[in-house]
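# Results of the structural survey
Chain by chain, the residues run as shown.
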Amino acid sequence: MFKDTKTRLLEFLNELCIDYGYNCEKTGDHIIKHPYTQKDIASLIGTSRPTLNILINELKEENVLDFNRNEIRMYKTSA
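Residues numbered from 1 in each chain as written. Predicted model: local features only at pLDDT ≥ 70, side-chain atom pairs only at ≥ 80, totals over all residues. Heavy atoms only, no water.

## Side note on the sheet that holds strand β1 (residues 21-23)
As summarised here, the arrangement of the 4 strands in space is β1-β2-β4-β3, forming an open sheet in which the pairing is antiparallel. The open sheet has two edge strands with one neighbour each: β1 and β3 (65-67). Each adjacent strand pair in this sheet contributes to an overall mean axis angle of 20°, direction not counted. Both β3 and strand β4 (residues 71-74) contribute to a ladder of 3 bridges, which runs antiparallel. Its bridge partner being in β4, Leu 65 is matched across the sheet by Met 74. (Pairing = 2+ DSSP bridges. Helix = DSSP H or I, 4+ residues; strand = E, 2+ residues; numbered from the N terminus. Axes fitted to C-alpha atoms, helices over the stretch in contact; angles between N-to-C directions.)

Here it is as structure tokens:
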């Protein structure tokens, strides 16, 4: 809990990659099919859902990932 929220989120996403992820054969991106809601992820990394939403949107703008209800795509350049 001594890390900033963005770092905790990225580390959590890397763990999800290991547990639920696979590589897209066409693009090389990491695809994570996960069972979590934003509220679940926020609780697991120790932040609020609005803060998590802000971070996810920042990461989308930086082309690090794309997020929807059932899937997170971590682009090849970031993973």
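## Digging into helix α3 (residues 49-61)
In this model α3 runs 18 Å from its N-terminal to its C-terminal C-alpha over 13 residues, within 8% of the 18 Å that 1.5 Å per residue would give. Every buried residue of α3 is accounted for by Leu 52, Leu 55, Ile 56 and Leu 59. Buried residues along α3 cover an arc of 100° about the axis, so they all sit on one side. Of the exposed residues in α3, those oriented more than 90 degrees away from the buried face are Ile 54 and Glu 61. Buried residues along α3 sit against α1 (5-20), α2 (38-45) and β3. (Expected span 1.5 Å × (residues − 1). Buried < 20%, exposed > 50% of the residue type's maximum accessible area, 1.4 Å probe, protein only. Arc of directions from axis to C-beta. Contact = heavy atoms within 4.5 Å.)

## A closer look at the pairing of strand β2 (residues 30-33)
Where β1 meets β2, 3 bridges bridge the pair, whose relative direction is antiparallel. By the bridge assignment, Gly 21 is partnered in β2 with Ile 32. Counted along the chain from β1 to the antiparallel partner β2, the turn is 6 residues long, and its residue Gly 28 has a positive phi close to 85°. Relative to β4, β2 runs antiparallel, the two sharing 4 bridges. Each bridged residue has a counterpart across the sheet, and for His 30 the counterpart in β4 is Met 74.

## Details of the environment of Met 74
Relative to the helices and strands, Met 74 is located in strand β4. Along the chain, Met 74 and Asn 63 lie 11 residues apart, while their C-alpha atoms are 8.7 Å from each other.

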